[in-house]
Amino acid sequence: MQSNTTIAAICTGHGGAIAVLRISGENTLNIVSKVFKPLKKDFSLKDAQANRIYNGFIVDGETEIDRVVLTIYRAPHSYTGEDVVEISCHASSYIQKEILSVLIKNGAQLAQRGEFTRRAFQNKKMDLSQAEAVADLIASKSKAEHDIAVNQMRGGITLEIKRLRDLLLKFTSLMELELDFSEEDVEFADRSQLRKILTETENYLNRLVGSFKYGNAIKNGIPVAICGEPNAGKSTLLNALLNDERAIVSDIPGTTRDVLEDFLTIDGTLYRLIDTAGIRQTDDKIEKLGIDRAKNAISKAEIVVVVLNPTTDILQQFSQIIPEDFPKSKIIAVVNKSDIYENADTSVLPSGVSIIKISAKHKTNLEELFSKISALGSVDYSQDEVVLTNVRHFTIFSEALESVKRAETALSSGLSGEFVSQDIREALRAFAEITGDEITTDEVLGNIFKNFCIGK
Ligand SMILES: Nc1nc2c(ncn2[C@@H]2O[C@H](COP(=O)(O)OP(=O)(O)OP(=O)(O)O)[C@@H](O)[C@H]2O)c(=O)[nH]1
Ligand SMILES: [Mg+2]
């Protein structure tokens, strides 16, 4: 499907020496040739070969805007599947805007967010889950996130889904055919084989749906709550870990009122560090709200760093802050201020908790803390494994899983093929929504592509 408009946008971000603008659509060569003055005399862009680069100037009438390099791609062998030209120019924001405006003056339209990738999807250069992975790739903040996006772009989910879909489709069609012969009581679809495929599908969907918890953590950072009594040194620790004066530190107890978050990558995994208000008894209304938020952050965290002040009873502090039933394996007890008091007896702390003595103020022993966080945060995942990071996919696969389970129940309770096939059809519809084979509503597509940047 070719769109009849030709779109243009600046693809690169701020800074750097060179910027790239991209133009895509059936009128691309026509428009660019109106504004391009080649270095080589007697050369016409319309004769340009695909996958070649050409030197010249972008001009607005008689005015030269910049000396540029063009890269030419011809439909269907381009990112969008349409004729595409990429203009590499000098990265001054003035030059970029001038080039964009001369392109628009000559018939191009300003691309919307993700419109290039949307065209790539519509022209079947990639399926929907791959297109979504492009956005994830651009946004990836850690190695794990990057690996997952690359895997999905290669068709990680799609390949397996398509294989299962083809198998299930064969069986539903056979079962539906049986209906035409209902009087003869025949079975075209081998029930035991169908059962095997349904089980296989269920296992695969279970794995996918289960991976979302981890995928979501990778995408949004594994939450690490830093908690403790007022003045224990939580904000000092946050700053030390981030190597940045992110939070206000003072010797007044109750300095931090709200939760404060920032990202940190350790060994390729993204963590979301959450500094919280010191937990204590108080009548202050605002401080109370902060303490509620701190408790909430603790309950939702994957890792809890409890910062302890060594000059008072550390077990009492620990017990006041950590709910009794909280899994000990997720807790790192950090005994702080070791520069002024290093004899704290840590053997009083519950077993199963990781323990470390540091000085947040003097940044001592932080390496050990990093490796403790990393040990708790590292999840067993292989680079080739498919991991769901996308809420849309999670919702759809969860629905598909329910349909498959219903089909299995219908099959084992000996219901007629009609019912089994209806449930399978529902799962198939869900699969098609993942790959985009059946998505037609502009609303769904609009929602997906609006998260892209302009120029992609
Ligand atoms: N000597 C020493 N002082 C520290 C250390 N870490 C923090 N402090 C001091 O302890 C005081 C409180 O530090 P903060 O980081 O604001 O403590 P907090 O836990 O965030 O306190 P609230 O936000 O009030 O709950 C400040 O005066 C810090 O300089 C440390 O390792 N050694
Ligand atoms: Mg604080």
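Participant: Now, about the overall build of the protein: what can you tell me, with residues and values included?
Facilitator: Within the protein, the secondary structure is distributed over 14 helices and 13 strands. For the protein, the spread of C-alpha atoms along the three principal axes comes to 80 × 80 × 40 Å. When each of the 456 residues of the protein is scored for burial, the buried share is 39%. Looking at the protein alone, contacts between residues at least 24 apart form 63% of all its contacts between residues at least 6 apart.

Participant: Describe the nonpolar core, naming the residues involved and giving the relevant values.
Facilitator: Grouped together as the largest cluster of nonpolar side chains are 112 residues, with contacts concentrated most on Val224, Ala225, Ile226, Val304, Val305, Val306 and Val334. For this core, the leading source of residues is helix H7 (residues 191-220), giving nine residues. Dropping the residues within four chain positions of it, Val305 is found in contact with Val224, Ala225, Ile226, Ile332 and Val334.

Participant: I'd like a description of the confidence of the model for the protein, backed by residues and values.
Facilitator: Interpretation of this model should avoid reading the predicted coordinates in detail wherever pLDDT is low. Looking at the protein as a whole, its pLDDT mean stands at 90, while 95% of the residues score no less than 70. The least confident element of the protein, judged by mean pLDDT, is helix H14 (residues 442-449) at 66; the most confident is strand E12 (residues 331-335) at 98.

Participant: Please give an account of unusual backbone geometry that cites residues and values.
Facilitator: Negative phi values dominate among residues other than glycine, just as trans dominates among peptide bonds. Along the chain, Ala75 connects to Pro76 via a cis peptide bond; the corresponding omega equals 0°. Here Pro76 lies in the loop between strand E5 (63-73) and strand E6 (84-90). Backbone geometry at Lys337 places phi at a positive 60°, although glycine is not the residue there. Topologically, Lys337 is positioned in the loop between E12 and strand E13 (354-357). Taking the C-beta count within 10 Å as the criterion, Lys337 has 23 such neighbours and is therefore assigned buried.

Participant: I'd like a rundown of the pairing of strand E9 (residues 260-266), residues and numbers included.
Facilitator: The sheet contact formed by E9 and strand E10 (residues 269-275) spans seven bridges and is antiparallel. Of the residues in E10, the one forming a bridge with Glu261 is Ile274. Hairpin connection, E9 to E10: the antiparallel pair is bridged by two residues, and Asp267 has positive phi, about 50°.

Participant: Could you give an account of the packing of helix H12 (residues 391-412) against helix H13 (residues 417-435), with specific residues and numbers?
Facilitator: Contact geometry of H12 with H13 gives a least axis separation of 8 Å together with a crossing angle of 165°. Comparing their axes, H13 and H12 come out roughly antiparallel. The interaxial crossing formed by H12 with H13 has left-handed handedness. Between H12 and H13, the residues in contact are His393, Ile396, Glu399, Ala400, Ser403, Val404, Arg406, Ala407, Ala410 and Leu411 and Phe419, Val420, Asp423, Ile424, Glu426, Ala427, Ala430, Phe431, Glu433 and Ile434, respectively. Grouping the amino acids of the contact of H12 with H13 by side-chain chemistry returns 13 nonpolar, two polar and five charged.

Participant: Tell me what's going on with the environment of Ser354, and back it up with residues and numbers.
Facilitator: Here Ser354 lies in strand E13. Each C-alpha atom, one on Ser354 and one on Lys40, is 69 Å from the other, the two residues being 314 residues apart in sequence. The residues touching Ser354, leaving out its near neighbours within four places in the chain, are Ile331, Ile332, Ala333 and Lys372.

Participant: Tell me about the sheet that holds strand E3 (residues 36-38), and please be specific about residues and values.
Facilitator: The mixed open sheet is built from seven strands, whose spatial order is E3-E4-E5-E6-E2-E1-E7. Pairing within the sheet leaves two strands with one partner each, and these edge strands are E3 and strand E7 (109-110). Here five bridges tie E5 to E6, and the two strands are oriented antiparallel to one another. Paired with Thr71 across the two strands is Glu86, which belongs to E6.

Participant: Describe the domain arrangement of the protein, naming the residues involved and giving the relevant values.
Facilitator: By domain assignment, the protein separates into domain 1 (7-126), domain 2 (134-215 + 390-436) and domain 3 (221-377). Here the C-alpha centroids of domain 2 and domain 3 sit 43 Å apart. Facing the five residues of domain 2 at the interface are five residues of domain 3. A class-by-class count of the residues in the side of domain 2 that touches domain 3 yields one nonpolar, one polar and three charged.

Participant: With reference to specific residues and values, describe the sheet that holds E12.
Facilitator: Spatially, the six strands line up as an open sheet ordered E9-E10-E8-E11-E12-E13, and their pairing is mixed. Sheet topology places E9 and E13 at the edges, where each strand pairs with a single neighbour. Between one strand axis and the next, the sheet turns through 25° on average, direction left out of account. By the bridge criterion, five bridges tie strand E8 (residues 222-228) to E10 in an arrangement that is parallel. Residue pairing for E10: Ala225 is matched across the bridge by Ile274. Helix H11 (residues 366-377) contacts E8, E9, E10, strand E11 (303-308), E12 and E13 of the sheet and is inclined by roughly 165° relative to E13.

The rules we used
Residues numbered from 1 in each chain as written. Chains lettered and ligands numbered in written order. Predicted model: local features only at pLDDT ≥ 70, side-chain atom pairs only at ≥ 80, totals over all residues. Helix = DSSP H or I, 4+ residues; strand = E, 2+ residues; numbered from the N terminus. Buried ≥ 20, exposed ≤ 12 C-beta atoms within 10 Å, placed from the backbone. Contact = placed C-beta atoms within 7 Å. Core = buried A, V, L, I, M, F, W, Y, C linked by C-beta atoms within 7 Å. pLDDT = per-residue confidence, 0-100. Pairing = 2+ DSSP bridges. Axes fitted to C-alpha atoms, helices over the stretch in contact; angles between N-to-C directions. Parallel < 35°, antiparallel > 145°, perpendicular 65-115°, else oblique. Left-handed = near helix turned anticlockwise from the far one by under 90°. Nonpolar A, V, L, I, M, F, W, Y, C, P; charged D, E, K, R; others polar. Domains from an automatic or database assignment.

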